[in-house]
Amino acid sequence: MSTALQAAFYATPTAQTLGAEVIRVDGDRVMLDQTLFYPAGGGQPGDQGHWITSNGSSLRVVDTVKAEAPGEIWHQLEAHDHGLRVGDSITQHLDWARRHRLMRMHTALHLLCSLVPRGVTGGSVGVDKSRLDFDLGDATVDKVQLTEAINRLVEQGIEVTSEWITDAELDANPDLVRTMSVQPPRGAGRIRMLRIAGVDYQPCGGTHVGNTSEIGEVTISKIENKGRRNRRIHLQLND
Ligand SMILES: [Zn+2]
């Protein structure tokens, strides 16, 4: 479906600026024909940044969310009197410093996930702190050992790539889904798979760095008990 093409951040994951046309306006929410702004989902927050309009004014984008229809994306503008109309051209400027931290964090959580071979029951990607919740059962985890193991994978400089498979291919391989609480979105006919060569392969619609070395050194800062079987594992970037 053509609306899926709004998500230009999949084809050009490191692009920071992009021209686009306004295709819908609903108060302070604006939709573009193509966007670099990732909409909140899968535990990762929506992107922020600003747009430059054709008359040179700057509009702040404070959040990005999924619209009702699959593949459609709303940008939440700070200004109510933004003046944008359908057909207007703008230039997007992503808050790249923030987004790149989220990409590093998100990729680090995949490494963590690969090291704890149990079901994931929740998670959250943040600029300063991130976490994954596991249904650990009788398995045990150690902060220091996990920190060392993740940093070894970071140092190895492993390639991170993505590919699309069909809903049917995923249905034929249900073990690929690690997250118990969130099933990947279906209905669009295809599912995005994230691959960290030899380490992790699972459905994920988020944004990631292209190589684990880009993550930099991380620390598992805390492991919390959340009920008898559940453990919440907190991760931070060391810079
Ligand atoms: Zn991911």
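Residues numbered from 1 in each chain as written. Predicted model: local features only at pLDDT ≥ 70, side-chain atom pairs only at ≥ 80, totals over all residues. Heavy atoms only, no water.

What's the story with the overall build of the protein in this structure? I'm lost.
Summing up its helical and strand segments, the protein has three helices and 13 strands in all. In terms of C-alpha radius of gyration, the protein reaches 19 Å, essentially the compact-globule figure of 18 Å for 239 residues. The long-range fraction of contacts in the protein, counting pairs at least 24 apart against all pairs at least 6 apart in sequence, stands at 65%. Total accessible area on the protein is roughly 11,600 Å²; 48% of this is exposed by carbon and sulfur atoms. For the protein, the distance from the average position of its 25 positive side-chain charges to the average position of its 30 negative side-chain charges is 6 Å. (Helix = DSSP H or I, 4+ residues; strand = E, 2+ residues; numbered from the N terminus. Rg over C-alpha atoms; globule rule 2.2 N^0.38 Å. Contact = heavy atoms within 4.5 Å. Areas by Shrake-Rupley, 256 points an atom, 1.4 Å probe, with all protein chains shown as cover. Lys, Arg positive; Asp, Glu negative; His and termini not counted. Charge placed at Lys NZ, Arg CZ, Asp CG, Glu CD.)

Is there a simple way to think about the pairing of strand β3 (residues 49–53) in this case?
On a regular strand, one side chain projects to one face of the sheet and the next to the other, so that they alternate. Here β3 shows a buried face lined by G49, W51 and T53 and an unburied face lined by H50 and I52. In the sheet, β3 pairs with strand β4 (residues 58–66) via four bridges, with the strands oriented antiparallel. Residue pairing for β4: I52 is matched across the bridge by S58. What sits between β3 and β4 in their antiparallel hairpin is a turn of four residues, with G56 showing a positive phi close to 90°. Looking at chain direction, β3 and strand β6 (residues 89–94) are connected through five bridges and run antiparallel. Among the inter-strand pairings, I52 is bridged to a residue of β6, identified as T91. (Buried < 20%, exposed > 50% of the residue type's maximum accessible area, 1.4 Å probe, protein only. Pairing = 2+ DSSP bridges.)

Looking at this model, I keep getting lost on the sheet that holds strand β8 (residues 130–135). Mind explaining?
A sheet is described by the order of its strands in space; here four strands give the open sequence β7-β8-β13-β12, paired in antiparallel fashion. The sheet is open, and its two edges are formed by β7 (119–124) and β12 (218–225), each paired on a single side. Sheet twist, expressed as the average angle between the axes of neighbouring strands with direction ignored, equals 20°. The pairing of β7 with β8 spans five bridges and is classified as antiparallel. (Axes fitted to C-alpha atoms, helices over the stretch in contact; angles between N-to-C directions.)

Would you explain the domain arrangement of the protein in this entry?
You'll often see interface size given as the accessible area lost when the parts meet. Domain assignment breaks the protein into domain 1 (2–94) and domain 2 (99–237). In this assembly, ten residues from domain 1 lie in contact with twelve residues from domain 2. A combined buried area of about 1,000 Å² lies between domain 1 and domain 2, and 54% of that area is made up of carbon and sulfur atoms. Sorting the residues of domain 1 by area buried against domain 2 places Y10, G43 and Q44 first, and these three jointly supply 48% of that buried surface. Connecting domain 1 to domain 2 are one salt bridge. Connecting domain 1 to domain 2 are six residue pairs in polar contact (both at pLDDT 80 or more). Classifying every residue of the side of domain 1 that touches domain 2 gives seven nonpolar, two polar and one charged. (Domains from an automatic or database assignment. Buried area = accessible area lost by both parts, 1.4 Å probe. Salt bridge = Lys/Arg side-chain N within 4 Å of Asp/Glu carboxyl O. Polar contact = N/O pair within 3.5 Å; in protein donor to acceptor, adjacent residues only side chain to side chain. Nonpolar A, V, L, I, M, F, W, Y, C, P; charged D, E, K, R; others polar.)

Can you walk me through the environment of T64 in this structure?
When you line up the elements, T64 lands in strand β4. In this structure, the C-alpha to C-alpha distance between T64 and A197, residues 133 residues apart in sequence, is 30 Å. The residues touching T64, leaving out its near neighbours within four places in the chain, are F37, Y38, P39, A40, G46, D47, I73, W74 and H75. One polar contact links the side chain of T64 to the main-chain carbonyl oxygen of D47, over a distance of 2.9 Å.

Help me out: how do you make sense of helix α1 (residues 96–115) in this one?
The α-helix advances 3.6 residues per turn, and as a result positions three or four apart in sequence lie on the same side. Helix length check: α1, at 20 residues, gives a terminal C-alpha distance of 29 Å against a target of 28 Å (1.5 Å per residue), a fit within 8%. With 16 of 20 residues buried, α1 lies mostly within the body of the structure. N-capping of α1 is provided by D95, with a side-chain oxygen placed 3.2 Å from the backbone N of R98. (Expected span 1.5 Å × (residues − 1).)

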